[in-house]
Amino acid sequence: MMKVLLQKSVDLSQAWLNSRVNGDVNITSLCQYLLQLMQQHYFTAKTDMLMASQTAPIHGAVNALQRCLLEVPGVMYNEMDEGMFAKTLSLMENMTVLLLGVLYGDQDTESKEVPPSFCEMGNAISSVIGHQLSSDDHEEEHVLLPEEHSLVLTCCWVSLKEIGIFMGSLIEMMADESNKMEHLVTAGDMKRMSKLFKDIILKCRHWGAVEGCCRGFTKFCSTLLVSADREIRDIPAQLLKEGLQLLQSPRGTSVTRRAAGLPMLFLCVVSAAETNQSRSLLSLSINTLLEVANRPLPDNWDQTVDLPQVCAVHSLNALVRGSGLAVAILKYCTVMATLALTLLNSRCWAVRNAALQLYSSLCTRMLGQSPGGDHATAQCGMSALTFFTHYPSLLPFLLGELRNAAIDLHHSSQQRRLCVHPSLYPVLTLLAKLQPGIQPETRELSEAVTPLLQLASSPVYSVRVMASKAMVAMMPSSKYPAFLCKMVEELPRSTEEPYSHNYLHGQLLQIRAILTQVMQTDKAALNSHSLIVEVLESKMWLVTTTQQCLMIRGLYLDVISLVRNSCSKDFLHQLCALLLSELHTSSHHLQVGSDSFYGVALHFLCKDRSWMCLVWQNFSRWNAVFKLSLLRWASETCGSSMTNMPHLLEKILQVNLKEVLLNEDTEIRVVYLKAFVSVMTGGVCSLVLEEAAIQECSEILVRSLEVSDGGSEYLSQALCAASLLLSKSHNYHNDHQNHCKAWVQQWQ
């Protein structure tokens, strides 16, 4: 509002005569008025912080001055003189000391090197507002903070944020006016401002204040680094060195989450230096932080004290995540990834936690941010050959970690085998994120195949899964057919052959992963190796009840589904008959993998029209798990294609509609209505229900809408189903139509 007033007004001299602050006759401009108003707000806050937060918030005056002085063309050049700058800087320093003192509960903030904890800030603010428990409340624990507490806290952190943004933007704009910079600002003034920024970033724990102030601090450092005055130009480097020295010194405080504002101090200085092509500060920061992070832990460390190693790793993480350093940081990614994986062996939880966060950020930075869901295709990722061409020295280290994990797996006691090597899963995660590509066979990449095969026998399920995904990326595509032949041949032919269930499960996972990739990229390569399909058919015992592990049976079915078009008709008929018989005779006992296996079996049968009819004819006799699986299949299939959907499916869903609507199981009702709507709207949509049945089902659905029964998802499907039924009804009742309209208007 003040900015608009200044832009639109021609002469405000009379306004100053009528609106003087404390009768000051020297105020001749809007900016001077705002500066004086800001000083008045400061005095109010110094006397009564609660009243200031309610009636005279500091951040409002600071923001108004920034907009008028810096965003209106010509105002800063005309208004800013030596006296105004000195008054502004002094006032900003005083307000910063006051606001930090409120959060500390002590105005002597010079001796403080550690930001107050949130508990300490809460106690300090409570003392400021004079909040004390009444005699009746001494025994009660107050969970909700009073409104006054929020007002004071918000006033403090927002004001600190605005001060940082204003001072950074002011120096940046003054640098554009070289005469202003040279005549008004001295090296001493710059050092005072650097201390102001440093105090806000390091002594305020509130993330909003730190993040906002860093915007101004980055501008401040960028301006200083291009100064012609060497003393001014060296200030950011001196700040960085002081921060690095502070990081290495013992800090007596409770554990600081992610090292508080210290990493942000490093990030701002280094980002500003990168903008000005001064990369020596980045090298200094990375090398110092790596050296600190690699230091051994003391024999008896105090877990209530911030360890320098932890702060160093969190600082490295901040540098990796900084968007301004996205390119420059890549040359250090290999050594940082090695550090992070090594620190996962640390006996200190805080070190391991920081290392895992650093490793996650490094993976994102090195591989790039890929879209999720259906958009995450191979074109969005990086192949193994490309990745290790960029980071060649990382491959030997990762291979060493894989070999060590595989050795530990095969040369340890049974109990020790359950203990996963600390760096194994992160390494597998990185390799699994690599995309398969058309790459030549290289000795280095091929060395990963052997340990990945050995990890297929891990007793940890997630390790077997990730090893199979990593195998796809690390193996050259030209080796896929030979690998499939070898793995399929190694599958046991019967229970008489000794085998490990874990290894068999891992084998099938790797066969499925490689086969999926082959079917997506080069089906012709598989067609030329019909032996693979023949051998798979000969191992049909893996899906029979002879194989007691339902997870293995389900995996075998997944593999057969991928090569179904290449299988013989006799084999498919025998397999489908076996599955249907298994479904009819299943004991429905809860068993690991039972829901998954029976779901895969039902979907496998439904891919053939004749077997699908046999399955759906028994719909009313299946248990709830089978019904849910069939209904989900119907919803998904109808959404893509109706070519294999017979009229029988429409009839069955209509006949059982009323019974399901009266079912108390909300999940069954939701999935059923979703399948019902998908099938009826995706096909011819011919109703076989009698008019009375249509009316009964419509009334049940409309009643559910009226009372909002079943949750939002059910109500959404109920509205679609009710509309579908009523549109096909010969006796379309106006009262039902009005009920539906009223319900829609209610939820708009």
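In this text, all values refer to a predicted model and were calculated from it rather than measured experimentally.

Rules and cut-offs
Residues numbered from 1 in each chain as written. Predicted model: local features only at pLDDT ≥ 70, side-chain atom pairs only at ≥ 80, totals over all residues. Heavy atoms only, no water. Helix = DSSP H or I, 4+ residues; strand = E, 2+ residues; numbered from the N terminus. Buried < 20%, exposed > 50% of the residue type's maximum accessible area, 1.4 Å probe, protein only. Contact = heavy atoms within 4.5 Å. Areas by Shrake-Rupley, 256 points an atom, 1.4 Å probe, with all protein chains shown as cover. Core = buried A, V, L, I, M, F, W, Y, C linked by side-chain atoms within 4.5 Å. pLDDT = per-residue confidence, 0-100. Disulfide = S-S within 2.5 Å. Axes fitted to C-alpha atoms, helices over the stretch in contact; angles between N-to-C directions. Parallel < 35°, antiparallel > 145°, perpendicular 65-115°, else oblique. Left-handed = near helix turned anticlockwise from the far one by under 90°. Nonpolar A, V, L, I, M, F, W, Y, C, P; charged D, E, K, R; others polar.

A. Local environment of the overall build of the protein chain. Along the backbone of the protein chain there are 41 helices and 0 strands. Out of the 748 residues in the protein chain, the part that is buried amounts to 51%. A sequence separation of at least 24 residues applies to 73% of the contacts in the protein chain between residues at least 6 apart. Here the protein chain displays about 35,500 Å² of accessible surface, and carbon together with sulfur accounts for 51% of that area.

B. Here's a closer look at the nonpolar core. Formed by 251 residues in total, the largest nonpolar core has its most connected members in Leu69, Phe217, Phe387, Phe388, Leu452, Met474 and Trp616. Sort the elements by how many residues they give to this core and helix H7 (residues 82–104) lands first, with 12 residues.

C. Just the confidence of the model for the protein chain, in detail. Of the residues in the protein chain, 82% reach a pLDDT of 70 or more, and the chain-wide mean stands at 82. Taken as a whole, residues 10–17 scores under 50 in pLDDT and shows 5 contacts with residues more than four places along the chain or in a different chain. This model gives residues 19–26 a pLDDT under 50, and the stretch forms 10 contacts once residues within four places in sequence are excluded.

D. Highlighting the state of the cysteines. This structure, assessed with the given rule, holds 0 disulfides. Left without a disulfide partner, Cys204 is nearest to the cysteine sulfur of Cys156, which lies 8.4 Å away. Residue classification places Cys204 among the buried residues on the basis of a relative accessible area of 1%. Cys333 provides the cysteine sulfur closest to Cys363, a residue in no disulfide bond, and the two sulfurs are 9.7 Å apart.

E. Summary view of the packing of helix H9 (residues 147–176) against helix H11 (residues 187–203). Interhelical geometry of H9 versus H11 gives an angle of 150° and a closest axis separation of 10 Å. Judged by the inter-axis angle, H9 sits roughly antiparallel to H11. Note on packing geometry: the crossing formed by H9 with H11 is left-handed. Along its contact with H9, which presents Leu160, Ile163, Gly164, Met167, Gly168 and Ile171, the element H11 presents Met190, Met193, Leu196, Phe197 and Ile200. Grouping the constituent residues of the contact of H9 with H11 by class yields 9 nonpolar, 2 polar and no charged.

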